[in-house]
Amino acid sequence: MSMTQRESATGAAGAGARALGREPLSLALMDARNYTLQMLGRFEQAPGPGLQVPPSADALPPLWLAGHAAWLAESWIARNPQRSLGPRCPPEPVRIGSVEPQADGWFDPTVVPPAQRWSPEQPVGEHVKAYLLDTLETTLELLDKTPDTDDALYFFRMALFNEDRVGERLAVLAQAAGVPVGLALPDGAQARPPLLLPATRWELGWDGPGFALGVEQGREAVAVPEFEIDAQPVAWAQYVEFIDDGGYDRPELWHPQGWAWLEQQAQAEGRRGPRYVEQIGVASGAVLQSLFGRPTRMAASQNVMHVSWWEADAYARWAGRRLPTEAEWEIAAGVGSRRGFRWGEVREWTAGTLRPWEGWHADAWARQAELDPAPAFGVARVQRGASFATRPRMKLVKARGWGMPESDGEFVGFRTCTV
């Protein structure tokens, strides 16, 4: 595949919402804030604790997540006289005061450690909603006066990316707390044969205009031999076969650290299967998995989800296959859509350990967004794609995420390649 073909395959998909101009960006910011408010409303309406979900070491309270989205946008837009510098803005610009005098004490993660975010002294729902509305109004007023250039729009696009990301995190929290939020799993699809893709030289890294995470930027050219990749993520019918064959009882299939994690999970939770699974009928192939608090029978053709990287790796070994590299996944997603490559229903683990590409630089705002990848380099595993809880405008082939290998709370699955 030539570089021209490569650009038409992935570049044509564009940067989506990350390159919106001023007017559509204004509408998208309103939509994102409305979605945040709707999600908070779902928590409020749920029986039980509502917005006061039980504290968890693996999650953050919904009010703090929502308020932090507004705080981050205000901090880098309304309170930042140097916002027009875009990605060249210093990490610690001089800031003016907030519309909410207590905002920093509530939502600045460098001031409020995770455990403290569950404190009853944190703001109540009405205060957070008022802050969400006030900051949005100011953001839109400033956007209306902003030049339609990449640098000038950078932090507005960042705010949209972050709020859409928070929307997905609220869905993950709702799954953990058993709160119905009106999201439905996509129907399963008929299995298609794997795709055989030719050898090529591929360039990883963001190549479009607009906003991109620092960890997505840079360049890395890699030679990719011919490979065969699943046309869709592993489905429940396939995964049940792995379980039926003793996949969770055979240490030879597991990375030693993965086996230690599995043993710990068995002792702590008594489970040998993906998170939130309540019942697996090996004979029938039926899987009952809790979905937003409701036991739901998973179709045999639906994607496995809530699996850790350790589980995905063990399954691939059992199947005599392997997880795809980032480049393989991206090539297939970019050029394989016409041949039945299906993605976007679950995020997907890849074989890669998170590391920076050449030219990587830290985002000025990443530490305050708790999105600094540097501490996770060499430890976290790379995720590609998107889930059914991802806002559609953020479903981009070039998007790059990550998670610790034991992480299984998000809507994550995987697919495999030939060895």
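Predicted model, so just to flag it, every value in this text is computed and none were measured. (Residues numbered from 1 in each chain as written. Predicted model: local features only at pLDDT ≥ 70, side-chain atom pairs only at ≥ 80, totals over all residues. Heavy atoms only, no water.)

### Let's talk about the sheet that holds strand β12 (residues 412-414)
At step 1: Pairing is mixed across the open sheet formed by four strands, whose spatial order is β11-β10-β9-β12. Because the sheet does not close on itself, it has two edges, and the strands there are β11 (400-403) and β12. Shown here is a sheet whose adjacent strand axes are inclined to one another by a mean of 50°, direction ignored.
At step 2: Of the strand pairs in this sheet, strand β9 (residues 347-353) and strand β10 (residues 381-384) are connected by three bridges, and their pairing is antiparallel. Each residue of the ladder has a partner; that of W349, found in β10, is Q383. (Pairing = 2+ DSSP bridges. Helix = DSSP H or I, 4+ residues; strand = E, 2+ residues; numbered from the N terminus. Axes fitted to C-alpha atoms, helices over the stretch in contact; angles between N-to-C directions.)

### With respect to the packing of helix α2 (residues 22-45) against helix α5 (residues 125-144)
At step 1: For the pair α2 and α5, the least separation of the axes is 10 Å and the interaxial angle reads 175°. With respect to each other, α2 and α5 are oriented roughly antiparallel. Of α5, the residues touching α2 (which contributes R22, L25, S26, L29, M30, R33, T36, L37, L40 and E44) are K129, L132, L133, T135, L136, T139, L140, L143 and D144.
At step 2: Of the residues assigned to the contact of α2 with α5, the class counts are ten nonpolar, four polar and five charged. (Parallel < 35°, antiparallel > 145°, perpendicular 65-115°, else oblique. Contact = heavy atoms within 4.5 Å. Nonpolar A, V, L, I, M, F, W, Y, C, P; charged D, E, K, R; others polar.)

### Some remarks on the environment of R297
At step 1: Structurally, the position occupied by R297 is in strand β7 (residues 294-298).
At step 2: Residues R297 and V277, 20 residues apart in the sequence, show an inter-C-alpha distance of 9.9 Å.
At step 3: The contact partners of R297, leaving out residues within four places of it in the chain, are A286, V287, L288 and Q302.

### Topic: the nonpolar core
At step 1: Grouped together as the largest cluster of nonpolar side chains are 99 residues, with contacts concentrated most on Y239, F242, W254, W365 and F414.
At step 2: When residues in this core are grouped by element, the largest group, 14 residues, is from helix α6 (residues 150-177).
At step 3: Excluding residues that lie within four positions of it along the chain, F414 makes contacts with P233, V234, Y239, V307, A312, Y315, L323, E348 and W349.
At step 4: V222, W329, F341 and W357 belong to the second largest nonpolar core, which has 18 residues in total. (Core = buried A, V, L, I, M, F, W, Y, C linked by side-chain atoms within 4.5 Å. Buried < 20%, exposed > 50% of the residue type's maximum accessible area, 1.4 Å probe, protein only.)

### Observations regarding the side chain of K129
At step 1: Relative to the helices and strands, K129 resides in helix α5.
At step 2: For K129, a relative accessible area of 18% translates into the label buried.
At step 3: In terms of polar contacts, K129 uses its side chain to reach the side chain of E44, at 2.7 Å.
At step 4: Every residue in contact with K129, bar those within four places of it in the chain, is listed here: L37 and E44. (Polar contact = N/O pair within 3.5 Å; in protein donor to acceptor, adjacent residues only side chain to side chain.)

### Things to note about the pairing of β7
At step 1: Inspection of the sheet shows strand β6 (residues 286-291) paired to β7 by five bridges, in the antiparallel sense. Within the sheet, the bridge partner assigned to L288 lies in β7 and is R297.
At step 2: The turn joining β6 and β7, which pair antiparallel and follow one another in sequence, is formed by two residues; a positive phi near 50° is taken by F292.

### So, helix α8 (residues 256-269)
At step 1: Spanning 14 residues, α8 covers 20 Å between terminal C-alpha atoms, matching the ideal 20 Å at 1.5 Å per step.
At step 2: When we look at burial in α8, the residues that qualify are G258, W259, W261, L262 and Q265. Down the axis of α8, the smallest arc covering the buried residues is 160°, so these residues share one side. Counted as exposed and oriented over 90 degrees from the buried face of α8: P256, Q257, Q264, Q267 and A268.
At step 3: Considering only its buried residues, α8 is in contact with α9 (309-318).
At step 4: At the C-terminal side of α8, G270 shows a positive phi close to 65°. (Expected span 1.5 Å × (residues − 1). Arc of directions from axis to C-beta.)

### A word on the packing of aromatic side chains
At step 1: In total, this model carries 25 aromatic pairs according to the counting rule given.
At step 2: Look at Y154 and F211: their rings are 5.4 Å apart centre to centre, the planes differ by 55°, and that puts the pair in the tilted class. Of this pair, Y154 sits in helix α6 while F211 sits in the loop between β2 (200-204) and β3 (220-224), and the two are 57 residues apart along the sequence. Taken individually, Y154 and F211 each receive the classification buried, so the pair is uniform in this respect. (Phe/Tyr/Trp six-rings, centres within 6.5 Å; stacked < 30°, edge-to-face > 60°.)

### Section: empty space enclosed by the protein
At step 1: Evaluated as defined, the whole model comprises four cavities of 30 Å³ or more.
At step 2: In this model, the largest cavity occupies a volume close to 70 Å³.
At step 3: In terms of lining, the largest cavity is formed by L185, P186, Q302, N303, M305, E345, V346 and F388.
At step 4: For the lining of the largest cavity, a count of residues per class yields five nonpolar, two polar and one charged. (1 Å grid on protein atoms, 1.4 Å probe; cavity = no way out; pocket = protein on both sides within 12 Å on 5 of 7 lines; lining within 4 Å. Points joined across faces, edges and corners; volume = space filled by probe spheres on them.)

### What about the confidence of the model for the protein?
Close reading of the predicted structure is inappropriate where its pLDDT is low.
At step 1: Mean pLDDT over the protein stands at 92; residues scoring 70 or higher make up 96%.
At step 2: Note that pLDDT drops below 50 for residues 1-13; the model gives that stretch 22 contacts with residues more than four away or on any other chain. (pLDDT = per-residue confidence, 0-100.)

### Points about the layout of surface pockets
At step 1: Space inside the second largest pocket adds up to approximately 290 Å³.
At step 2: Here the lining of the second largest pocket is built from residues that sort into ten nonpolar, seven polar and five charged.

### Examining α6
At step 1: The terminal C-alpha atoms of α6, which comprises 28 residues, lie 39 Å apart, in line with the 40 Å expected from a rise of 1.5 Å per residue.
At step 2: Considering bend angle alone, the principal kink of α6 is centred on F156 and spans about 30°.
At step 3: The positive-phi residue at the C-terminal boundary of α6 is G178, with phi of around 70°. (Bend = angle between axes of the 7 residues up to and from the residue.)

### A word on the pairing of β6
At step 1: Across the six residues that make up β6, a large majority, five, are buried.
At step 2: Pairing of strand β5 (residues 277-281) with β6 involves four bridges; the strand directions are antiparallel. In the strand pairing of β6, Q279 is matched with L288.
At step 3: Linking β5 back to β6 in an antiparallel pair, the connection comprises four residues, with G285 at a positive phi of about 80°.

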